[in-house]
Amino acid sequence: MQNLNEIIQLCVSNDRLAQEKFYRHFYPSMFCLCKKFFRDDHAALEAVNDGMIKVFLHLPDYKSEKGAIFNWVYTIVRNTALDKLKVAIKIPVVDVAVDEYETEYITGNILQHLEWKDIYRYLDHLPPATRLVFGLFYLESYTIPLIAEKLQISIGTVKWHLSESRKIMQPILKKHFSF
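Below, the structure is looked at part by part. (Residues numbered from 1 in each chain as written. Predicted model: local features only at pLDDT ≥ 70, side-chain atom pairs only at ≥ 80, totals over all residues. Heavy atoms only, no water.)

1. So, the pattern of salt bridges
Phase 1: Applying the stated rule across the entire model yields 7 salt bridges.
Phase 2: The partner of Lys35 in a salt bridge is Asp41, and the shortest N-O contact between them spans 2.9 Å.
Phase 3: Relative accessible area serves as the criterion here: at 9%, Lys35 is assigned to the buried category.
Phase 4: With a closest N to O distance of 4.0 Å, Glu140 and Arg78 form a salt bridge. Residue Glu140 is located in the loop between α7 (128–139) and α8 (144–151), and its partner Arg78 is located in helix α4 (residues 69–88); the two are separated by 62 residues in the primary sequence. (Salt bridge = Lys/Arg side-chain N within 4 Å of Asp/Glu carboxyl O. Buried < 20%, exposed > 50% of the residue type's maximum accessible area, 1.4 Å probe, protein only. Helix = DSSP H or I, 4+ residues; strand = E, 2+ residues; numbered from the N terminus.)

Printed below as a string of structure tokens:
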């Protein structure tokens, strides 16, 4: 494969072959990212494609001194997926006192021992809004306040979704793991 910097320069000049190489280079990682949020492969692929279109549109603005190209692409695709989810699902707003739920949730330790295909299979048990909050918290390491800000919901609602995900996931994980 050509040097990624050369491919980027060719993409900026609208070289279709270079754009295809760029897309194929990032596709596996970006699809895995979007699959965290979408149950359906088609929806995940649509998010990847929409995100990559934004990447190509803004590629001339990319500055390598500000960070790695992978991180830049990842951020654009992730934000595109989140925007699609906000439109696609109405996150139920739950009126809950912020301190009503404890702040300890399923630790990432269990998830770290799973293969991605297993994590996706377990995530399929969650409703879309809860899956989104779960993915942002446990898989993307977002903080509760940041999730609330990104999704424009209250901290109590985020905690409610995390509590719901715990209720759903614990029995499933207990079947396969002892914790």
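2. Description of the packing of aromatic side chains
Phase 1: With the rule as written, the count across this model stands at 9 aromatic pairs.
Phase 2: Plain terms: the ring middles of Phe22 and Phe26 are 4.7 Å apart, the flat faces sit at 50° to each other, and that makes the pair tilted. Residue Phe22 and its partner Phe26 are located together in helix α2 (residues 16–35), separated by 4 residues, close to a single helical turn. Of the two residues, Phe22 and Phe26, neither departs from the other in class, the shared state being buried.
Phase 3: Here the aromatic residues Phe22, Phe26, Phe56, Phe70 and Tyr74 are joined through ring pairs into a cluster of three or more. (Phe/Tyr/Trp six-rings, centres within 6.5 Å; stacked < 30°, edge-to-face > 60°.)

3. What about the packing of α7 against α8?
Phase 1: Running from amino to carboxyl end, α7 crosses α8 at an angle of 135°, the nearest separation of the two axes being 10 Å. The orientation of α7 relative to α8 falls into the category oblique. α7 and α8 meet at a crossing whose hand is right-handed. On α8, the residues touching Leu132, Val133, Leu136 and Phe137 of α7 are Ile144, Ile147 and Leu151.
Phase 2: Of the residues contributing to the contact of α7 with α8, the split by class is 7 nonpolar, no polar and no charged. (Axes fitted to C-alpha atoms, helices over the stretch in contact; angles between N-to-C directions. Parallel < 35°, antiparallel > 145°, perpendicular 65-115°, else oblique. Left-handed = near helix turned anticlockwise from the far one by under 90°. Contact = heavy atoms within 4.5 Å. Nonpolar A, V, L, I, M, F, W, Y, C, P; charged D, E, K, R; others polar.)

4. Description of α2
Phase 1: Its axis deflected by about 50° at Tyr27, α2 carries its strongest bend there, up to four residues before the proline Pro28.
Phase 2: Among the residues making up α2, those that are buried are Ala18, Gln19, Phe22, Phe26, Met30, Phe31, Leu33, Cys34 and Lys35.
Phase 3: Two or three places before Leu17, at the opening of α2, Asp15 has a side-chain oxygen 3.0 Å from that residue's backbone nitrogen. (Bend = angle between axes of the 7 residues up to and from the residue. Polar contact = N/O pair within 3.5 Å; in protein donor to acceptor, adjacent residues only side chain to side chain.)

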